[in-house]
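Each chain, written out:
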Amino acid sequence: YHLYYGDEVGNPGTVLTFFPWGNNGAPAGRPGTGQLTTTAFSIPRESLGYWTERLVEHGVRFEKPVERFGDSVLHFADPDGIGLELVAEAEDTRPGWQTGPVPEEHAVRGFESVALSEKEPGRTAELLTGVLGFRRAGEEDGRFRYEAGEGGSGNRVHLLHQPEGPTGRMGVGAVHHVAFRVPDHESHEEIREEIAKLGYSVTPVIDRQYFDAIYFREPGGVLFEIATDPPGFTTDETVGELGTNLKLPPQYEEHRADLERTLPELSLPVVGGGK
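Overview of the structure. Since the model is a prediction, treat every value here as computed from it, not as a measurement.

## Quick word on a negative patch on the surface
On the surface, a cluster of negative charge is made up of D184, E186, E189, E190 and E193. With respect to the helices and strands, E189 occurs in helix 3 (residues 185-197).

Laid out in structure tokens, this is it:
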């Protein structure tokens, strides 16, 4: 399974993917250097109190909010130990999900940033600024902020300088890769050529049905994906159907009956209303 979670239409900048490795007895991962260690989501500045109450109501333990780059940050972990944050900031103009399980005025807007733990972030910074179009935008306590495009939420990467930190290990509770977006297939081909010229071992373009993707490891060891915006998740379903059907790549359609019998059963959450 690839289980995609995002806004109501799966807009780029909102989608987090889970692989249910635990069903196969995969070992636990270990967060550390060479990994994406925290995924931060943007919420409205006035919604911090709402989210604090919601986490308490659902029994989610969290750390005391801290100030970072002028915003309030609420840090916690998912049940497998994946580091998550809610960043309350005023400048994110992306709309909330109107009919989701959280009132629209408090809804998550999308990604705010990701944090990469690095023993030596210099070469990673060179990749971000020299190839991927980022610029340095601040530093606090060993945390270096980089922004792309117009900046702001959804366009940020933080590099954490942790020279004495343990090396991360892939497994359940560890983040497999981070994906960056490009607007079209032409831009995708151009950036792949540039990455390859620099000596990185980059994959061929892979058709992921909802986007094309390439993969390579940045100097610190984090697996990077570059993905196209088109064609998007509504290429084979209507907005109302998203998340309700098992979708298969064309080469696996002939095995649908067998796959539906052997894959673990999934249950859909009830969406809408309440906290």
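That covers the picture; the talk isn't over yet.
## Considering unusual backbone geometry
A cis amide bond, omega 5°, links P230 with the succeeding residue P231. Note that P231 resides in strand 14 (residues 223-231). Phi angles above zero are rare outside glycine, and F69 is one such case at about 50°. One can find F69 in the loop between strand 4 (66-68) and strand 5 (71-77).

## Observations regarding the nonpolar core
Side chains of a nonpolar character, in soluble globular proteins, are inclined to be buried together. If you look at the biggest cluster of nonpolar residues, it comprises 42 residues, and the most contacted ones within it are L132, I195, F224 and I226. Tallying contributions element by element places helix 1 (residues 48-57) first for this core, with four residues. Excluding anything up to four places from it in sequence, L132 contacts L127, I191, F224 and I226.

## A short note on the sheet that holds strand 4
Reading across from one edge, 4-5-6-3-7-10-9-8 is the order of the eight strands in this open sheet, with mixed pairing throughout. Two strands close off the open sheet at either side, each with one partner strand: strand 4 and strand 8 (134-140). Sheet twist, expressed as the mean angle between neighbouring strand axes with direction ignored, is 30°.

## Thoughts on the environment of P44
The topology assignment puts P44 in strand 3 (residues 35-44). Assessed through its relative accessible area of 10%, P44 is described here as buried. Residues P44 and Y252, spaced 208 residues apart in sequence, show a C-alpha to C-alpha distance of 42 Å. In contact with P44, not counting residues within four places along its chain, are A88, E89, E105, H106, A107 and R109.

## What to know about the pattern of salt bridges
The final tally for this structure, using the stated rule, is 12 salt bridges. Two residues, R256 and E260, come together in a salt bridge whose shortest N-O distance is 3.2 Å. Separated by four residues within a single helix, R256 and E260 lie in helix 4 (residues 256-262), roughly one turn from each other. Residue E260 is classed as partly exposed on the basis of its relative accessible area, which comes to 47%. A salt bridge links D258 to R261; the nearest nitrogen and oxygen atoms lie 2.2 Å apart. With D258 and R261 both in helix 4, this residue pair falls three residues apart, about one helical turn. Its relative accessible area of 62% is what places R261 among the exposed residues. Among the ionic contacts, a cluster of salt bridges with common partners joins E89, E112, R145, E147 and R156.

Rules of the game
- Residues numbered from 1 in each chain as written.
- Predicted model: local features only at pLDDT ≥ 70, side-chain atom pairs only at ≥ 80, totals over all residues.
- Heavy atoms only, no water.
- Patch = residues over 30% accessible without salt bridge, like charges linked within 9 Å, V, L, I, M, F, W, Y side chains within 5 Å.
- Areas by Shrake-Rupley, 256 points an atom, 1.4 Å probe, with all protein chains shown as cover.
- Salt bridge = Lys/Arg side-chain N within 4 Å of Asp/Glu carboxyl O.
- Lys, Arg positive; Asp, Glu negative; His and termini not counted.
- Charge placed at Lys NZ, Arg CZ, Asp CG, Glu CD.
- Helix = DSSP H or I, 4+ residues; strand = E, 2+ residues; numbered from the N terminus.
- Core = buried A, V, L, I, M, F, W, Y, C linked by side-chain atoms within 4.5 Å.
- Buried < 20%, exposed > 50% of the residue type's maximum accessible area, 1.4 Å probe, protein only.
- Contact = heavy atoms within 4.5 Å.
- Pairing = 2+ DSSP bridges.
- Axes fitted to C-alpha atoms, helices over the stretch in contact; angles between N-to-C directions.

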